[in-house]
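Secondary and tertiary structure notes
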Amino acid sequence: MTLQNDLLLRAARGEKTERTPVWLMRQAGRILAEYRAVREKAGSFIGLATTPELAAEVTLQPVDILGVDAAIIFSDILVIPEAMGLPYEMIEKRGPLFPNPVQTEADVHKLKIADAETDLGYVLEAIRITKRELNGRVPLIGFAGAPWTIFAYMIEGSGSKTFSKAKRMLYTNPELSHTLLRKITDSTIHYLHGQIRAGADLVQVFDSWAGILSPEQYRIFSLPYLRQICDAIQEVPKTIFAKDAWFARAEIAQLDCNTVGLDWTMDPVESRKLVGPNKTLQGNLDPCVLYADFQTIERETKKMLEAFGPHRHIANLGHGVYPDTDPDKVRCFVETVKNHAN
Ligand code: CP3
């Protein structure tokens, strides 16, 4: 099926676009009353994520309600540990919890390499339903967590400011760390291939905890696995978003990816110099700008668009939209990008 709006894909491939495409990380979620209603019906976050019809429904909401140029499949990066044999819970207002985090060598060996069709079939089915219902309106983004970020949750057992248990493992048992990172990487490659077969038009890898590693640790424990993923996925454009990894931008630019995601601490002009001309940049408005009045949002969004320039840019926030953001403010951001002539 040909897409009616393929701005995102053209921008990712470095082709000319009439205007800059725009979407938001975490656009399918709590900012929308319509999401909260479906989430209520599902009973829980995991119930929602594992019911393909409902997951598809909330995936489509931001396309209809916010007017974004892409849908991102409603799921979570933590479905991979679950598929490998490490179940999680989502605690209201606190976030994810793994009741039995990975601690020993035996724990690592017990984990399986996830199979997309059998272990994550519910996500693939949600993608197929979403593609059908999108009917070519906009592209659908698939995603996964970066191996290091998934490793961090599997060892730590929950969110953390420091992820010191996970980092302790890197320093005290690097060999076991690599064994686990390899298993996560293999699972992730199977999973992303499954998403692409089901219809994902582009994939994004979230390295949300990149910034807590030193540059050297990042080179040892994250980049090689991102490289394996980028090399394995050749069917669709790929985006790498490594939050707070300002130190790794030039190295990420050496990966076989199309787009490098930037958070709001990264200057667009400096980032372009580090990344070079052959990648698309995605980002990077501070999500807190959306707490300001409409005029300020418009001004800051235009400032961002000017800083990136009209080519090889996908407009987004520098991280996921915060749940207490007014959807009208999000619409203001989206409309400002759409009305900005290239
Ligand atoms: O972007 C989208 O709209 C698609 C959906 C999506 C979710 N999680 C749904 C979600 C995506 C792309 C993610 C990715 C994700 N999940 C990341 C990487 C991006 C980032 O934010 O850095 C991470 C680190 C997670 C892990 C995770 N999931 C945490 C830490 C939490 C709790 C904190 C929070 O935001 O509530 C979640 C829960 C989660 N994932 C929610 C949603 C909509 C909220 C839970 C709910 O609705 O009950």
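Residues numbered from 1 in each chain as written. Predicted model: local features only at pLDDT ≥ 70, side-chain atom pairs only at ≥ 80, totals over all residues. Heavy atoms only, no water.

1. Describing the state of the cysteines
To be explicit about the condition: When two cysteine sulfur atoms lie within 2.5 Å, the pair is treated as a disulfide. The rule is simple: take the accessible area with a 1.4 Å probe, protein chains only, and divide by the maximum for that residue type; under 20% is buried, over 50% is exposed, in between is partly exposed.
This structure, assessed with the given rule, holds zero disulfides. Not engaged in a disulfide, the cysteine cysteine 257 finds its nearest cysteine sulfur in cysteine 230; these two sulfurs lie 5.1 Å apart. Take cysteine 257: its relative accessible area is 4%, and that puts it in the buried class. Unpaired in terms of disulfides, cysteine 332 finds its nearest cysteine sulfur in cysteine 288, a separation of 16 Å.

2. A word on the pattern of salt bridges
As a reminder of what qualifies: When a carboxyl oxygen of Asp or Glu lies within 4 Å of a side-chain nitrogen of Lys or Arg, that pair is called a salt bridge. Strands are runs of DSSP state E lasting at least two residues, helices are runs of H or I lasting at least four, and both sets are numbered from the N terminus onward.
Enumeration over the complete set of coordinates arrives at 19 salt bridges. A salt bridge links lysine 303 to glutamate 300; its shortest N-O distance comes to 3.0 Å. Of this pair, lysine 303 and glutamate 300 both sit in helix H16 (residues 294–308), three residues apart, which is roughly one turn of that helix. What emerges from the salt-bridge pattern is a single network uniting Asp6, Arg10 and Glu18.

3. Quick notes on the side chain of serine 75
The condition is simple: Throughout, a residue-residue contact means that at least one pair of heavy atoms, one from each residue, lies within 4.5 Å.
With respect to the element layout, serine 75 can be found in the loop between strand S1 (71–72) and helix H5 (79–84). On the basis of relative accessible area, serine 75 is assigned to the buried category, the value being 8%. Discounting chain neighbours no more than four positions away, the residues touching serine 75 are Phe45, Val123, Phe143 and Tyr191.

4. Some words on the pairing of strand S9 (residues 313–317)
Selection rule: Paired strands, in this sense, are two strands between which DSSP finds at least two bridges.
With five of its five residues buried, S9 lies for the most part within the structure. Of the two faces of S9, the one carrying His313, Ala315 and Leu317 and the one carrying Ile314 and Asn316 are both buried. Examined bridge by bridge, strand S8 (residues 280–285) and S9 share five bridges and lie parallel to one another. Looking at S9, one finds that asparagine 284 is bridged to asparagine 316.

5. Overview of unusual backbone geometry
Going from glycine 283 to asparagine 284, the amide bond is cis rather than trans, its omega being -10 degrees. In this fold, asparagine 284 is placed in strand S8. The backbone of aspartate 244 shows a phi angle near 70 degrees, a positive value even though the residue is not glycine. Its place among the elements puts aspartate 244 in the loop between strand S6 (238–242) and helix H14 (249–252). Looking at aspartate 244, the relative accessible area reads 30%, which means it is partly exposed. One non-glycine residue, arginine 312, lies in the positive phi region at around 50 degrees. On the secondary structure map, arginine 312 appears in the loop between H16 and S9.

6. Notes on helix H2 (residues 33–42)
Stated precisely, the cut-off is as follows: As used here, the arc is the angular range of directions from the helix axis to the C-beta atoms.
Buried within H2 are the following residues: Tyr35, Val38 and Arg39. End-on, the buried residues of H2 take up no more than an arc of 105 degrees, which puts them together on one face. Exposed side chains of H2 directed beyond 90 degrees from the buried face belong to Glu40 and Lys41. Buried residues along H2 sit in contact with helix H3 (45–49) and helix H4 (52–66). Positive backbone phi, at 95 degrees, marks glycine 43, one or two positions downstream of H2.

7. Things to note about the site of the ligand
Selection criterion: What makes a residue near a molecule or strand is one non-hydrogen atom of that residue sitting within 4 Å of it. Any pair of N or O atoms that falls within 3.5 Å is considered a polar contact. Within protein, one atom must be able to donate a hydrogen and the other to accept it, and sequence-neighbouring residues count only if both atoms are side-chain atoms. Note on areas: Shrake-Rupley with a 1.4 Å probe; residue coverage comes only from the protein chains shown. Note that Gly is not counted as nonpolar here; it falls among the polar residues with everything else outside the nonpolar set of Ala, Val, Leu, Ile, Met, Phe, Trp, Tyr, Cys and Pro and the charged set of Asp, Glu, Lys and Arg.
In the region of the ligand, 22 residues are neighbours, and Arg30, Tyr35, Arg39, Ser208 and His319 sit closest. At 3.1 Å from an oxygen atom of the ligand is found a main-chain nitrogen or oxygen belonging to glutamine 27. Taking tyrosine 35, its side chain carries an N or O atom lying 2.5 Å from an oxygen atom of the ligand. Coverage of the ligand by the protein amounts to 88% of the 860 Å² it exposes when considered alone. Elements that contribute at least two residues to the shell around the ligand include exactly H2 and strand S3 (95–97). Tallied by class, residues from the shell around the ligand come to 13 nonpolar, five polar and four charged.

8. Considerations on the sheet that holds strand S5 (residues 202–207)
Spatially, seven strands are ordered S1-S4-S5-S6-S7-S8-S9 in an open sheet, and the strand pairing comes out parallel. Here the strands that pair on one side only, and so sit at the sheet edges, are S1 and S9. Across five bridges, the pairing between strand S4 (residues 140–145) and S5 is parallel. By the bridge assignment, isoleucine 141 is partnered in S5 with leucine 202.

9. Comments concerning the nonpolar core
Stated formally: Throughout this description, the term nonpolar core refers to a set of buried Ala, Val, Leu, Ile, Met, Phe, Trp, Tyr and Cys residues connected via side-chain atoms within 4.5 Å.
Phe151, Tyr218 and Phe333 are the most contacted members of the largest nonpolar core, which totals 122 residues. For this core, the element with the highest residue contribution is helix H11 (residues 174–198), accounting for nine residues. Look past the residues within four positions of phenylalanine 151 in its chain and what remains in contact with it is Ala166, Met169, Leu170, Ser177, Leu180, Leu181 and Ile184.

10. Thoughts on the packing of aromatic side chains
This is how it is decided: Stacked, tilted and edge-to-face are the three classes assigned to paired rings of Phe, Tyr and Trp, where Trp is represented by its six-membered ring and a pair needs centres within 6.5 Å; plane angles under 30 degrees give stacked, over 60 edge-to-face, the rest tilted.
With the rule as written, the count across this model stands at 11 aromatic pairs. The interplanar angle of 50 degrees and the centroid separation of 5.6 Å between the aromatic rings of tyrosine 35 and phenylalanine 74 together place this pair among those described as tilted. Placement of the pair is tyrosine 35 in helix H2 and phenylalanine 74 in the loop between S1 and H5, with a sequence separation of 39 residues. Phenylalanine 74 matches tyrosine 35 in its accessibility class, with the two residues each being buried. Relative to phenylalanine 206, the ring of phenylalanine 143 has its centre 5.6 Å away and its plane inclined at 90 degrees; by these criteria the two rings are edge-to-face. Of this pair, phenylalanine 143 sits in strand S4 while phenylalanine 206 is found in strand S5, placing the two residues 63 residues apart along the sequence. When sorted by exposure, phenylalanine 143 lands in the same class as phenylalanine 206, which is buried.

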